[in-house]
Amino acid sequence: MSPRRRDSESTAAARAERRAELLATAAEVFASRGYASTTVREVADAAGMLGGSLYYHFDSKESMVDEILSVFLTDMWAAYDAVTAAGLDARETFRSLIAESFRTIDRHRPAVVIYQNESKHLATNPRFAYLTDSQRRFRAMWLSVLDRGVMEGVFRADLDTGLIYRFTRDTVWLAASWYRRDGRLSADEIARQYMAMVLDGIVTT
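All values derive from a computational prediction rather than experimental measurement. (Residues numbered from 1 in each chain as written. Predicted model: local features only at pLDDT ≥ 70, side-chain atom pairs only at ≥ 80, totals over all residues. Heavy atoms only, no water.)

Chemist: Please provide a residue-by-residue account of the packing of aromatic side chains, values included.
Modeler: Taken as a whole and judged by the stated rule, the model has 13 aromatic pairs. A centroid spacing of 6.3 Å and a plane angle of 65° characterise the contact between Phe 72 and Trp 173, whose relative ring orientation is edge-to-face. Taken as a pair, Phe 72 in helix H4 (residues 61-84) and Trp 173 in helix H7 (residues 161-173) lie far apart in primary sequence, 101 residues in all. Assigned by exposure class, Phe 72 and Trp 173 land together as buried. (Phe/Tyr/Trp six-rings, centres within 6.5 Å; stacked < 30°, edge-to-face > 60°. Helix = DSSP H or I, 4+ residues; strand = E, 2+ residues; numbered from the N terminus. Buried < 20%, exposed > 50% of the residue type's maximum accessible area, 1.4 Å probe, protein only.)

Chemist: Which residues make up the packing of helix H5 (residues 90-122) against helix H8 (residues 187-202), and what are the values?
Modeler: With their axes 9 Å apart at the nearest point, H5 and H8 run at an angle of 145° to one another. The handedness of the crossing between H5 and H8 comes out as right-handed. Residues Arg 91, Phe 94, Arg 95, Ile 98, Ala 99, Phe 102, Arg 103 and Asp 106 of H5 touch H8, and the partners they reach there are Ala 187, Asp 188, Ile 190, Ala 191, Tyr 194, Met 195, Val 198, Leu 199 and Ile 202. Its residues assigned to classes, the contact of H5 with H8 shows 12 nonpolar, no polar and 5 charged. (Axes fitted to C-alpha atoms, helices over the stretch in contact; angles between N-to-C directions. Left-handed = near helix turned anticlockwise from the far one by under 90°. Contact = heavy atoms within 4.5 Å. Nonpolar A, V, L, I, M, F, W, Y, C, P; charged D, E, K, R; others polar.)

Below is the structure:
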């Protein structure tokens, strides 16, 4: 490898690392202050740089939140798809999806908060149409697992699967508002205890 190519690759890697750091900072600021009320200058201040310098990496605040949400959802769906493709029964699929949900919150907590607080507004912009698509896919996947569990006889047939879905969605994902990586319980331990509480209520035995 020529010195020029090596230097070019090193510069590109450093730029990518800096971009990731800036996105992490922007995600924290958007999550804590709200996307609409946060200015580019405030993100730059939090990153320790001049407001104009941020435009070297991103052309707009919209581009930043787009990338934050896209990375989060891509990672979440990769984890979910691996679970649903594993050939597990409904109970184990449900358990594994819960575990992956808490792990995703652990990796992307600020992005999850942004998604919860801002997706309804952002989805009115064609650029963010994928948010609505993801919500529909999310609901269909969970209902499919729950309905299959009823058919397999492992989940109670007297409970409405739509209600179970909404309860599960809200109780799991709202954990992003209080979960902390340095907290007393790890994401996996929270998932384990959550499953101990929930499965006792929906399984047949």
